[in-house]
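Report on the structure
Residues per chain, in single letters:
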Amino acid sequence: MLDIEALLNDGPVIPVIVIQDAEQALPLARALLAGGVRVLEVTLRTPAALDAVAAIAAEHPQAIVGVGTVTRPEDLARSAAAGAQFAVSPALTRSLVAAAREGALPLLPGAMTPSEVLQAREAGFTALKLFPAAQAGGIGMLRALGSVFPDVTFCPTGGIDAVSAPDYLALPNVACVGGSWLAPPALLKAGDWGAIEKLARATSALART
Ligand code: 3PG
């Protein structure tokens, strides 16, 4: 099974994808892959999400496709059955911990406060999504968390864009960032895959220090 730490180190940015129409999945994945982004988080926010995951997994084996917005324990098994390789949740609950222990998919759980970080670490998770990152305090919050939890690695997500991403990536406790700016709804709707490829190329060139 995929190792979450390795996943976070695959590239500087994980695109947070909302697919309204499963037909968009393959051209979107092709554009992101062509731009050098291969870890793809398809959020379970739309009825098309799992069909999109299945299509990407079948047609683009070089992609590492997973699901986001996991909020129910049953989401893990049904996403694994569709072909997902990892799961991201906005927060962590006891039922999600129990489902993750069943082992269908590796989970990157969200946390927003020191208590949540501690609870997640006690449950065995040392790679966490800081969510919503900018609203939780952004760079300052990550520095403060780094002082007390030096063994925890973060993928901050929420309110980050191409301009602010490098400042996050420069932090020692940040492995990568997540964001929806790589798959903007307007470009998806317009089918402007060339523009998405360009965004992906610019993003995958962002340096981690
Ligand atoms: C989300 O859940 O939508 C992610 O946190 C992405 O947030 P963003 O749209 O601010 O990048």
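In what follows, the structure referred to is the one given above.
The paragraphs below set out a description of the structure included in this document. (Residues numbered from 1 in each chain as written. Predicted model: local features only at pLDDT ≥ 70, side-chain atom pairs only at ≥ 80, totals over all residues. Heavy atoms only, no water.)

As for the packing of helix α3 (residues 49-59) against helix α4 (residues 74-82)
Note the cut-off: Here the axes come from fitting lines to C-alpha atoms, over the contacting stretch only for helices, and the angles between their N-to-C directions go from 0 to 180 degrees. Labels follow the DSSP assignment, with helices taken as runs of H or I lasting at least four residues and strands as runs of E lasting at least two, numbered in each case from the N terminus. Comment on the angle field: the value is read as roughly parallel under 35 degrees, roughly antiparallel over 145, roughly perpendicular from 65 to 115, and oblique elsewhere. Here, two residues are considered to be in contact whenever any of their heavy atoms come within 4.5 Å of each other. Residues are grouped as follows: Ala, Val, Leu, Ile, Met, Phe, Trp, Tyr, Cys and Pro are nonpolar; Asp, Glu, Lys and Arg are charged; all remaining types, including Gly, are polar.
At a minimum axis distance of 8 Å, the contact between α3 and α4 shows a crossing angle of 40°. In terms of orientation, α3 and α4 fall into the oblique class. Between α3 and α4, the residues in contact are L50, V53 and A54 and R78, S79 and A82, respectively. Broken down by class, the residue content of the contact of α3 with α4 amounts to four nonpolar, one polar and one charged.

Quick look at the site of the ligand
Selection rule: For this description, a residue counts as near a given molecule or strand if any of its non-hydrogen atoms is within 4 Å of it. Polar contact criterion, stated in full: a pair of N or O atoms within 3.5 Å, where within protein one must be able to donate a hydrogen and the other to accept it, and residues adjacent in sequence count only if both atoms are side-chain atoms. Only the protein chains shown count as cover for residues, and all accessible areas are computed by the Shrake-Rupley method using a 1.4 Å probe.
Around the ligand, the surrounding shell consists of V16, R45, F131, T157, G158, G159, G179 and S180. At 2.5 Å from an oxygen atom of the ligand is found a side-chain nitrogen or oxygen belonging to R45. Within the side chain of S180, one N or O atom sits 2.5 Å away from an oxygen atom of the ligand. Notes on the ligand: free accessible area 310 Å², of which the protein chains cover 76%. A breakdown of the residues in the shell around the ligand according to their chemical character gives two nonpolar, five polar and one charged.

Digging into helix α8 (residues 138-148)
One turn of the α-helix equals 3.6 residues, which is why residues spaced by three or four share an orientation. Heads up, the rule is: For each residue, the accessible area found with a 1.4 Å probe, counting protein chains only, is set against the maximum for its type, and the residue is called buried under 20%, exposed over 50%, and partly exposed in between. Comment: arc refers to directions from the helix axis out to C-beta atoms.
Every buried residue belonging to α8 is among G138, M141, L142 and L145, and all of these are buried. Viewed end-on, α8 has its buried residues packed into an arc of 100°, placing them on one side of the element. For α8, the exposed residues set more than 90 degrees away from the buried face come down to R143 and S147. Those residues of α8 that are buried lie in contact with α6 (114-122), β7 (127-130), α7 (133-136), β8 (153-154) and α9 (165-169).

Overview of unusual backbone geometry
Trans peptide bonds make up most of the peptide bonds, and negative phi angles are found at most residues other than glycine. The omega torsion of the bond from F131 to P132 falls at -15°, within 30 degrees of zero and hence cis. Within the fold, P132 resides in the loop between β7 and α7. Its identity as a non-glycine residue notwithstanding, T69 has a phi of 55°, on the positive side. Examined against the element boundaries, T69 turns out to sit in the loop between β3 (64-68) and α4.

Description of the packing of aromatic side chains
Applicable threshold: Ring pairs are drawn from Phe, Tyr and Trp, using the six-membered ring of Trp, whenever the two centres fall within 6.5 Å, and their geometry is named by plane angle: stacked under 30 degrees, edge-to-face over 60, tilted for the rest. By the criterion adopted, a ring carries a charge over it if an Arg CZ or a Lys NZ lies within 6 Å of its centre and within 35 degrees of its normal.
Taken as a whole and assessed by the stated rule, the structure comprises zero aromatic pairs. Just above the ring of F131 sits the side chain of K129; from NZ or CZ to the centre is 4.6 Å.

Topic: the nonpolar core
Note the threshold: Among buried residues, the Ala, Val, Leu, Ile, Met, Phe, Trp, Tyr and Cys ones that are joined through side-chain atoms within 4.5 Å form a nonpolar core.
L32, L40 and V177 are the most contacted members of the largest nonpolar core, which totals 62 residues. Examining the composition of this core, we find that six residues originate from one element, helix α2 (residues 25-34), more than from any other. Here L40 is in contact with P15, I17, A29, L32, I56, A63, I64, V65, G66 and F86, once residues within four sequence places are set aside. By size, the runner-up hydrophobic cluster in this structure holds 13 residues, among which are I4, F86, V88 and A127.

The values are spatial; any link to function lies outside them.
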